[in-house]
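Below, each chain spelled out in residue letters.
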Amino acid sequence: MKHWAILFAILLLPFTANADDSGSCGDNVTYSYEESTGKLTISGSGDMYSYKLDYNFPSRNAPWYSYMSDINTVDIRDGVTSIGNNAFNACNLTSIEIPNSVTSIGERAFYNCSDLTSIEIPNGVTSIGDEAFYNCHGLTSIEIPNGVTFIGRWAFALCSGLTSIRIPDSITSIELGAFNSCTSLSSIKIPNGVTSIGQSAFAGCRVTSIEIPGSVTSIGAHAFMNCGGLTSIEIPGSVTFIESSAFNGCTSLSSVKILNGVTSIGSYAFRACFSLTSIEIPSSVTSIGYNAFEGCRGLTSIEIPIGVTSIEKRVFYYCKSLSSIKIPNGVTSIGSSAFEDCTSLNTVYCYAEEVPSASSQVFSNSPINTATLYVPASSIETYKSTSPWNEFNEIKALPASITLNKAQGTYCFDEDLDFSGVEGIRAYVASGFNPETGTLLLMHVDEVPANTGLLIKGTAGKTYEVPLKETSFYYMNMFKGTLERQTVATTEDGYTNYILKDGVFYKSDGTATVGANKAYLQLPTSAAKARQTIRYQTDDEATDINAIDNKVDEADGTFYNMSGQRVNAPRRGIYIQNGKKVIIH
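Residues numbered from 1 in each chain as written. Predicted model: local features only at pLDDT ≥ 70, side-chain atom pairs only at ≥ 80, totals over all residues. Heavy atoms only, no water.

Undergrad: Quick question: what am I supposed to make of the overall build of the protein here?
TA: When you go through the protein residue by residue, the secondary structure sums to three helices and 52 strands. A total of 585 residues make up the protein; the buried ones form 48% of that total. Of the contacts made within the protein by residues no fewer than 6 positions apart, 44% connect residues no fewer than 24 positions apart. (Helix = DSSP H or I, 4+ residues; strand = E, 2+ residues; numbered from the N terminus. Buried < 20%, exposed > 50% of the residue type's maximum accessible area, 1.4 Å probe, protein only. Contact = heavy atoms within 4.5 Å.)

Below you can see the structure in the form of structure tokens.
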């Protein structure tokens, strides 16, 4: 019965005859209302009272509560210093003037003022309360002055007409839901100085781009959830934890860059990011939550960082384009359905020497019966006898992972390798030297025995997977490989040593070092003479090889072998004559 009485009282409000009204709304603040114009004037000095919106106890409401739907204009005069809580909640305001004397806007002050199309916040304001402009969907733009240091929770939530907003440099924290569901907001700049982005702060916005500054240390749960227009994001290393569902449902997100420093990716963090085709997870990440990348159906490959020890359940569930997975050595367990419904899966690299525990559902509905699993050579038999790993079509030894720091460099490996089927990378041995021109001759090779010094060309920063393959090949090679870091002498045993730098071999000064798994050049001192630098030419570049028939014309000059040694009676093979390579049949 009580509820019916309240409802009856509310229904009567619009039909109540309103007269001009006035009274007190602060210790030294008064109001006056003109019925004919629908204008409410607030004047005096100091703070307005704060109110509640309470249908059960009307006395707690603002004094103009009974005719609030008739108020369309508010004029706050200079001298008033604050706008109280719920002061104009649910008024049909179309315009308001706020003087420079106002320093704070209270909680829900303009809540549900859906007809308000513009507002100018004066420079004196330092605080905007929780839900202050909640559901003011008539607002199209708003500029927050530099003096504001606090924007409350849900302050501009559901301002669906808002297309632009300026957040001042004075703000250090974007609170819970502050701009949630601002569905017309297409761009926003987060200023330097902001340290935290609260839960659901921009969820449901249509921003296409957003820059997160290096000052931000935390991104709250659901912060950018369902931002369907967002296409790219870079997360700075200052952020340690990307909380749950932070980018869940960002269906246009195609590029994500997570910088080193982030340690944890929360559950559902990038769930249903349909347009995401690749993501590089930095080595600093040690934890990836369950369902983190569920439904990222454009994702084609993933490398789980080395610090991760457990792969949670359904983390890559329904990643339909995922064809390649790399699992690091430290992983000991894989959760249920972690790679379920990855229907394009054809290659898994698992570096764990001890077989990770995994349920039979890990690869459910993924075609592992036609896929290849690469594991440490010493663990192949254990994987072959352990479910679900033994369901893979083939289980092979892991290839060598080669990451080129530069487009060219020297290398040495402790296993036999086969470069023949690897696109974008070429391996060379130093097969000869022309003492007349000082040119080193490099020969392209595919099968390379262990401990062979090489020069490798490829794309800087790219990692190549080179298969292991036992080989009996042997090459005449002037590169000397080393598996450990060492100092390179200037000369040793009749040879002069050179170290590669910026595409040129420089004579070692006796203190220069080469790193582990690198190589340096050794030339016979008699051929190298006093040369300080050596340049090279590869056999797959344009060269000046001359083909010579069976007889040799001695008038053409002296012959040298590919090591730079003089040959008095050359036979079949490649030699140097007059500074050019020649072939004798």
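Undergrad: Would you mind going over the side chain of N497 with me for this structure?
TA: Relative to the helices and strands, N497 is located in strand β43 (residues 495-501). With a relative accessible area of 0%, N497 lands in the buried category. A distance of 2.9 Å separates polar atoms of two side chains, one belonging to N497 and the other to E492. Excluding anything up to four places from it in sequence, N497 contacts V488, A489, T490, T491, E492, Y506, K507, S508, Y520, L521 and Q522. (Polar contact = N/O pair within 3.5 Å; in protein donor to acceptor, adjacent residues only side chain to side chain.)

Undergrad: Please explain the pattern of salt bridges as it appears in this structure.
TA: Taken as a whole and assessed by the stated rule, the structure comprises 14 salt bridges. A salt bridge links D75 to R77; the shortest N-O distance between them is 2.9 Å. With a closest N to O distance of 3.9 Å, E394 and K396 form a salt bridge. Judged by its relative accessible area of 35%, E394 is partly exposed. By relative accessible area, K396 is classed as partly exposed at 35%. (Salt bridge = Lys/Arg side-chain N within 4 Å of Asp/Glu carboxyl O.)

Undergrad: It is not clear to me how the layout of surface pockets should be interpreted in this structure. Could you clarify?
TA: To find leftover empty space, one rolls a probe the size of a water molecule over the atoms. Of the pockets and cavities examined, the largest pocket occupies roughly 750 Å³. Lining of the largest pocket is provided by 25 residues; of these, E280, E303, I304, K326 and T463 occupy positions nearest its centre. Elements that contribute at least two residues to the lining of the largest pocket include exactly β22 (278-280), β24 (301-303), β26 (324-327), β32 (400-403) and β39 (463-466). Partitioning the lining of the largest pocket into residue classes produces 12 nonpolar, nine polar and four charged. (1 Å grid on protein atoms, 1.4 Å probe; cavity = no way out; pocket = protein on both sides within 12 Å on 5 of 7 lines; lining within 4 Å. Points joined across faces, edges and corners; volume = space filled by probe spheres on them. Nonpolar A, V, L, I, M, F, W, Y, C, P; charged D, E, K, R; others polar.)

Undergrad: I would appreciate a short explanation of the pairing of strand β18 (residues 232-235) in the present structure.
TA: For a regular strand, side chains alternate in direction, first toward one face of the sheet and then toward the other. Of the two faces of β18, only one is covered, namely that formed by I233 and I235; the face formed by S232 and E234 stays uncovered. By the bridge criterion, four bridges tie β18 to strand β20 (residues 255-258) in an arrangement that is parallel. Of the residues in β20, the one forming a bridge with E234 is K257. (Pairing = 2+ DSSP bridges.)

Undergrad: Would you mind going over empty space enclosed by the protein with me for this structure?
TA: In the structure shown here, the tally under the stated rule is two cavities of 30 Å³ or more. Space inside the largest cavity adds up to approximately 60 Å³. In this structure, the largest cavity is lined by K52, L53, N61, A62, W64, Y65, M68, N86, A87, F88, N89 and C91. Computed from the structure, the second largest cavity encloses a volume of approximately 30 Å³. As for the second largest cavity, its lining consists of I288, I304, V308, S310, I311, V315 and F316. Across the lining of the second largest cavity, the residue classes tally to six nonpolar, one polar and no charged.

Undergrad: Even after reading the chapter, I still don't get the sheet that holds strand β11 (residues 150-151), so can you show me in this structure?
TA: Two pairing modes exist for strands in a sheet, parallel and antiparallel, and in both the strands are linked by backbone hydrogen bonds. The parallel open sheet is built from five strands, whose spatial order is β4-β6-β8-β9-β11. Only two strands of the sheet have a single neighbouring strand rather than two, namely β4 (46-47) and β11. Pairing geometry for strand β8 (residues 104-105) and strand β9 (residues 127-128), over two bridges, is parallel. Within β9, the position partnered with I105 by the bridge is I128.

Undergrad: Before we go on, may I ask you to explain the sheet that holds strand β29 (residues 357-358) in this structure?
TA: Pairing in this open sheet of three strands is parallel, and the strands run β25-β27-β29 from one edge to the other. Since the sheet does not close on itself, it has two edges, and those belong to β25 (310-311) and β29, each with one partner.

Undergrad: Can you walk me through the state of the cysteines in this structure?
TA: As used in these notes, a disulfide is a covalent bond between sulfur atoms, one from each of two cysteines. The full count for this structure, using the stated rule, is zero disulfides. Unpaired in this structure, C159 has its nearest cysteine sulfur neighbour in C182, at a distance of 5.2 Å. (Disulfide = S-S within 2.5 Å.)

Undergrad: Can you walk me through unusual backbone geometry in this structure?
TA: Both trends apply: most residues other than glycine have a negative phi, and most peptide bonds are in trans. Between S387 and P388 the backbone carries a cis peptide bond, its omega angle lying at 0 degrees. One non-glycine residue, N86, lies in positive phi territory at about 60 degrees. Using a relative accessible area of 6% as the deciding quantity, one classes N86 as buried. One non-glycine residue, S245, adopts positive backbone phi at about 60 degrees. Looking at where S245 falls in the secondary structure, it is placed in the loop between β19 (241-242) and β20.

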